[in-house]
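# Breakdown of the fold
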Amino acid sequence: MTAPRLRFPPAPSGWLHVGGARTALYNWLAARGSGGAFVLRIEDTDAERSDAEAMRGMLDSLRWLGLHWDEGPDVGGPHGPYLQSERRPLHDAVVRRLLEAGRAYEAFETAEELEADRQRAQEEGRPPGYSGAHRDLTEEQRAAYRAEGREAVVRARTPDEGSIAFEDVVRGTVEVGWDQVSDFVLARADGSPTYYLANTVDDLAQGITLIARGEDLLNATPRQLLLADWLLDDTGGHSLLDEALAEAGLAARPDVARPTYAHLPIIVGEDRKKLGKRHGSVAVDEFREQGYLPEVMCNFLALLGWSYDDRTERFTVPELVERFSLERVGRNPALFDTDKLRALNGDRIKELDDAELADRLVPFLVGQGVLPDEPTDAQRALLEGFVPLVRERMQTLAEAVPLIAWAFAEDVALDERSVAKHLKGRAGEVLDRAAEVLATVEPWDAEALLAALDGLGEELGLGRGKVMQPVRVAVTGSHVSPPLPETLALLDREVVVARVRSARAHVVEPDAGA
RNA sequence: GGCCCCGUCAUCUAGUGGUCGAGGAUGCCAGCCUUUCAAGCUGGUCACGCCGGUUCGAAUCCGGUCGGGGCCGCCA
């Protein structure tokens, strides 16, 4: 028994989408969990929609998630090329043989004519599929169309009757009548292969054994199974695919079982419709930028359609590899719930140790201009000092920035609303005395600072809030910050005292000027 | 319109004839804690779409119905 081979075949148009990421993850997990191989194949057959930059972004997002591939662009492998456009000789050879075998035929309708047909069928309530009008054109008719300057597409001749049934890992038996499957295009007028052809040929040629993909492709399966039958039929000794592979000079097909399909439930947005780019934050990159951790993305994505039992929902990636199985994938559409993602992310952040969390925070602080590209040792130490204070106050890495940015700045900008709310009443008195007390308190640590502040409250007959808040605003610029005594202890005494003094001027005295 | 898929709390789900007066998590609400904001703790809110049938017994099986989604491209 040979090892399973799974793949992820994204089209390099646009960036990696959460739906695609989930598909990639499931295939990767199934491969890793079974000792199988994970293959990455870029499906760039549609020249108009492919671009190198989108592909780089795609690979980058996959790497960020930790979904490394055993075979694919960059790393190569025995069944390349892994850029579909470079497999064109194979596709051409297959199409030619299919034509010779009478499995496929040339059709000369133009895209405009077909569009008009579809339109009409729609209006008349008929099925909009291809009519099969050019199925049995004579040599003369074909020549005539060519003489008109028309270029043919190649269509597969699908069975006229009967049906096909297949076992889907997620959905069980699925049966479709052939009368529902119209003659589909294998090669475009310019000769390039379509998804149906290229995807099927390459999966077979690369020996893919298990295909997990979105439910939106469920209806494409009969066509691909039909093609697979044609390609792999070896009653003559050699299969059509073997011959095409040899002609194209590519490696022989691995000796593995035919692929099995697993159709995953689609991921929907708030409107219960298939999640698309128009529904907001759905690009994996965006979550990365917002400060979600890659291992949490994997955990969350895994839960979108899969569950382990009735109570466990947090998994490390190794645990996912260990426990994931396509058999436990559900059948109903899953809604992408950002709140849940945030909660999981927050939980994971709480588990990171100080140095680790500081490491992860640095890029965000640098990105916001809070820290220079190369933070100094002192800045790094200050950051690590803050980590324990902010850890429980953040659910994404980006949320830590406003909590501590002020500590790295020369001057604090006092938040207007905070000033209005807390630098009033007896705040002037509080700040005056606080500056004096803070200038002399010993030692300069959280415990002593808390005691000093409490002492001040007692002296002035004020509660903690009345003392803490003005000082908090003065030092941090905001009425929201990490715990005050611990925060002050991380800073230099001179800085704290100076800020408390300078904030004094912002206090609005009651009845001032009245 | 045709075909295919799906239907348990607001959301993700557990559940494969009795242990379910339906469990967990997120969200939401309340209380506790409290120097802000969080976090934490405790409690609460919320579901088997509907109608028949099978059965001693159904969320679990069958039929129908309603609802949602997907596909029907020279996109993938």
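Procedures and definitions
Counting from 1, residues in each chain are numbered in the order their sequence is written. All chains are assigned letters beginning with A, and all ligands numbers beginning with 1, in the order in which they are written. The predicted origin of the model limits local features to residues at a pLDDT of at least 70 and limits the giving and counting of side-chain atom pairs to 80 or more, whereas totals for whole chains, interfaces and linings rest on all residues. Hydrogens and water are ignored here; the side-chain numbers use all heavy atoms of the structure. If even one non-hydrogen atom of a residue comes within 4 Å of a molecule or strand, that residue is called near it. We define a polar contact as two N or O atoms separated by no more than 3.5 Å, with the added condition that, inside protein, one atom must be a possible hydrogen donor and the other a possible acceptor, whereas residues neighbouring each other in sequence contribute only through side-chain atom pairs. Under the scheme used here, helices are H or I runs from DSSP no shorter than 4 residues and strands are E runs no shorter than 2 residues, and both carry numbers assigned from the N terminus. Polarity classes work like this: nonpolar for Ala, Val, Leu, Ile, Met, Phe, Trp, Tyr, Cys and Pro, charged for Asp, Glu, Lys and Arg, and polar for all others, with Gly in that last group. Segment limits for the domains were obtained from an automatic or database-derived domain assignment. The contact definition used throughout considers only heavy atoms, calling two residues in contact when any of these lie within 4.5 Å. As used here, buried area is the combined drop in accessible area, with a 1.4 Å probe, of two parts when they are placed together. The term salt bridge refers to a pairing of a side-chain nitrogen on Lys or Arg with a carboxyl oxygen on Asp or Glu at a separation within 4 Å. Expected helix span is given by 1.5 Å per residue-to-residue step, counting one fewer step than there are residues. Consider a residue and the seven residues that end there alongside the seven that start there; fitting an axis to each set, the bend is the angle between those axes. Partly exposed describes any residue whose relative accessible area lies between the buried limit of under 20% and the exposed limit of over 50%, with all areas from a 1.4 Å probe on protein chains only and scaled to the type maximum. When the centres of two rings from Phe, Tyr and Trp lie within 6.5 Å, Trp using its six-membered ring, the rings pair. Their planes under 30 degrees apart give stacked, over 60 give edge-to-face, and anything left gives tilted. What the arc covers is the set of directions going from the helix axis to the C-beta atoms. When DSSP locates at least two bridges between a pair of strands, those strands are taken to pair. Here the axes come from fitting lines to C-alpha atoms, over the contacting stretch only for helices, and the angles between their N-to-C directions go from 0 to 180 degrees.

Looking now at the protein's contact with RNA strand B. Taken together, 65 residues surround RNA strand B, and among them Arg171, Arg188, Glu313, Arg393 and Arg464 come closest. Counted by atom, the contact set of RNA strand B within 4 Å of the protein is 72% sugar and phosphate. One of the backbone nitrogen or oxygen atoms of Glu109 is found 2.9 Å away from a base nitrogen of RNA strand B. Side-chain polar atom of Lys340 to a sugar or linking oxygen of RNA strand B: 3.1 Å apart, as the coordinates give it. Those elements that provide at least two residues to the surface near RNA strand B are helix H4 (111-123), strand S4 (153-156), helix H6 (195-205), strand S11 (334-335), helix H12 (338-351), helix H19 (464-476) and helix H20 (484-490). Its residues assigned to classes, the surface near RNA strand B shows 23 nonpolar, 13 polar and 29 charged.

Looking at the assigned domains, one finds that chain A contains domain 1 (5-79 + 265-339), domain 2 (84-264), domain 3 (352-408) and domain 4 (416-506). Here the C-alpha centre of domain 2 lies 27 Å away from the C-alpha centre of domain 1. Contacts between the two partners involve 25 residues from domain 1 and, on the opposite side, 33 residues from domain 2. In total, domain 1 and domain 2 occlude about 2,400 Å² of area from one another, counting both sides; carbon and sulfur atoms represent 51% of this. Run the count over domain 1 and domain 2 and you get three salt bridges. The salt bridge partner of Arg41 is Asp203, with a shortest N-O separation of 2.9 Å. Linking domain 1 to domain 2 there are 15 residue pairs in polar contact (both at pLDDT 80 or more). The set of elements that each furnish at least two residues to the side of domain 1 that touches domain 2 consists of strand S1 (5-8) and helix H1 (18-34). Looking at the side of domain 1 that touches domain 2 element by element, the count peaks at four residues for H1.

With 14 residues, helix H13 (residues 354-367) should reach 20 Å at 1.5 Å per residue; the first-to-last C-alpha distance of 20 Å fits that figure. Maximal helix bending in H13 amounts to about 30°, located at Leu361; proline Pro363 follows within four positions. Taken together, the buried positions of H13 are occupied by Leu357, Ala358, Leu361, Val362, Phe364 and Leu365. Buried-residue contacts for H13 involve helix H9 (284-290), H12, helix H14 (377-390) and helix H15 (400-404). If you check the start of H13, you find a side-chain oxygen 3.3 Å away from the backbone N of Ala355, and it comes from Asp353.

In this structure the tally under the stated criterion is twelve aromatic pairs. Consider the rings of Tyr308 and Phe315, whose centres lie 5.9 Å apart with planes at 80°: the pair is edge-to-face. Accessibility expressed as a relative area gives 31% for Tyr308, which makes it partly exposed. Judged by relative accessible area, Phe315 falls into the buried class, the value being 5%.

In this section: H14. Owing to its 3.6 residues per turn, the α-helix brings residues three or four apart onto one side. Between its first and last C-alpha, H14 extends 20 Å over 14 residues, near the 20 Å set by a 1.5 Å rise per residue. Those residues of H14 lying buried are Gln379, Leu382, Leu383, Phe386, Val387, Leu389 and Val390. Considered in projection along H14, the buried side chains sweep an arc of 160° and stay on one side of the axis.

Glancing now at the sheet that holds strand S7 (residues 185-187). Here we have three strands laid out as an open sheet, ordered S3-S4-S7, and antiparallel in their pairing. Whereas interior strands pair on both sides, the edge strands pair on one side only; in this sheet they are strand S3 (104-107) and S7. Across the sheet, the axes of successive neighbouring strands diverge by a mean angle of 45°, strand direction being ignored. Across the sheet, helix H3 (residues 88-100) lies against S3, S4 and S7, angled at about 95° from S3, the strand it touches most.

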